[in-house]
Amino acid sequence: MPRFMKGAIPSPNIWNTPQIYEVENRAVDPEGRVEAAMAAIRPWIGATVLDIGCGTGYHLPSLSATAARVIGVEPHEDLVRLAGQRCRSLPNVEIHAATAQALPLADASVDVAFARWAYFFGPGCEPGLAELSRVVRRGGAAFVIDLDPTRGAFGRWFSQSIPAYSARSVERFWSRQGWHTQRLDLRMSFDRRDDLEAVLRIEFTPAIAERAIAETPGLEIAYPNVLRWKLF
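No experiment lies behind these values; they were computed from the predicted model shown. (Residues numbered from 1 in each chain as written. Predicted model: local features only at pLDDT ≥ 70, side-chain atom pairs only at ≥ 80, totals over all residues. Heavy atoms only, no water.)

### What to know about helix α3 (residues 33–41)
Burial in α3 covers these residues: V34, A37 and M38. Burial along α3 is one-sided: seen end-on, the buried residues are contained in an arc of 95°. (Buried < 20%, exposed > 50% of the residue type's maximum accessible area, 1.4 Å probe, protein only. Helix = DSSP H or I, 4+ residues; strand = E, 2+ residues; numbered from the N terminus. Arc of directions from axis to C-beta.)

### Re the state of the cysteines
Within the structure shown, the criterion is met by 0 disulfides. Residue C54 stays outside any disulfide, its sulfur separated by 7.7 Å from that of C87, the closest cysteine. (Disulfide = S-S within 2.5 Å.)

### Topic: helix α10 (residues 206–215)
Buried residues of α10: I208, A209, A212 and I213, and no others. What you see down the axis of α10 is that its buried residues fit within an arc of 140°, all on one side. Among the exposed residues of α10, those pointing more than 90 degrees away from its buried face are A207 and A214. In this structure, the buried residues of α10 make contact with α7 (152–161) and α9 (193–203). (Contact = heavy atoms within 4.5 Å.)

### Focus: the packing of helix α2 (residues 18–27) against α9
Between α2 and α9, the shortest axis-to-axis distance is 9 Å and the interhelical angle comes to 115°. Relative to α9, the element α2 is oriented roughly perpendicular. In the packing of α2 onto α9, the handedness of the crossing is left-handed. Of the residues in α9, those in contact with I20, Y21, V23 and E24 of α2 are D195, A198, V199, I202 and E203. Residues that form the contact of α2 with α9 fall into these classes: 6 nonpolar, no polar and 3 charged. (Axes fitted to C-alpha atoms, helices over the stretch in contact; angles between N-to-C directions. Parallel < 35°, antiparallel > 145°, perpendicular 65-115°, else oblique. Left-handed = near helix turned anticlockwise from the far one by under 90°. Nonpolar A, V, L, I, M, F, W, Y, C, P; charged D, E, K, R; others polar.)

### Points about the pairing of strand β7 (residues 220–231)
Residues in a regular strand point their side chains to alternate faces of the sheet. Relative to β7, strand β5 (residues 136–147) is paired through 7 bridges, and the arrangement is antiparallel. In the strand pairing of β7, V144 is matched with R228. Bridge count between strand β6 (residues 180–189) and β7: 10 bridges; the pairing is antiparallel. The residue of β7 that forms the bridge with T181 is R228. (Pairing = 2+ DSSP bridges.)

### Here we look at the environment of E197
Relative to the assigned elements, E197 resides in helix α9. Spatially, the C-alpha atoms of E197 and Y21 are 12 Å apart, while their sequence positions differ by 176 residues.

### Observations concerning unusual backbone geometry
Despite not being glycine, D29 has its phi angle at roughly 55°, a positive value. Relative to the elements of secondary structure, D29 occurs in the loop between α2 and α3. The class for D29 is buried, based on a relative accessible area of 9%. For W117, which is not a glycine, the phi torsion comes out positive at approximately 55°.

### Structural notes on the packing of aromatic side chains
Tallying each qualifying case throughout the model produces 10 aromatic pairs. When the ring of W44 is compared with that of F114, the centres are 5.2 Å apart and the planes differ by 85°; the resulting orientation is edge-to-face. Here the residue W44 occupies a position in the loop between α3 and β1 (48–52), and F114 occupies one in strand β4 (residues 110–116), the gap between them amounting to 70 residues. With relative accessibility at 10%, the residue W44 sits in the buried group. Looking at F114, the relative accessible area reads 1%, which means it is buried. The residue whose ring lies beneath R116 is F114, and the NZ or CZ to ring-centre distance is 5.5 Å. (Phe/Tyr/Trp six-rings, centres within 6.5 Å; stacked < 30°, edge-to-face > 60°. Lys NZ or Arg CZ within 6 Å of the ring centre and 35° of its normal.)

Set out below in structure tokens:
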């Protein structure tokens, strides 16, 4: 039996190495710039919040502290189990094994939806966007956080690892869909050099990862991102 839902798009970094991805989650954005940027557009205090591609549920506890209800959706069943363990003491959190293109939610039942580095890569994700339009109620918002491959060393390493990726095509796609875009200058900050190197090795092809390690002194990595959003 497969460990992931039909139609899921593989995410090799977290699917194959969830322990290292946990280290990456802890390292990303220590200033909380992503949350601040989203909250400035549409706060989620007292709201029903949906985290699409929630993985091991890393962000669910912090969301549950201010949201009325938090729903995590994840297609990989092993990660669903880990997310359930993480959130078992949180009564306002629920987690479902499902894909972005088949959300197990009622129409107009969500105030704020997030997708962080999960599924929404431009052309081909129309079914997921249709589901967002169905489940997000009027006055709500959807946010997509993704790497910005057009900037910095991290973007260059990404483009070298996935040469078929077209940043221009992705930008055109989101513009046609009517989404807004904001550039975010994030960083990763690690306590140990071994952790930094392990994260680079799960993010890039082996040769590019070794090049990235050689080009990165110290314990920090500049991590340019892009925040996309749509109000409903």
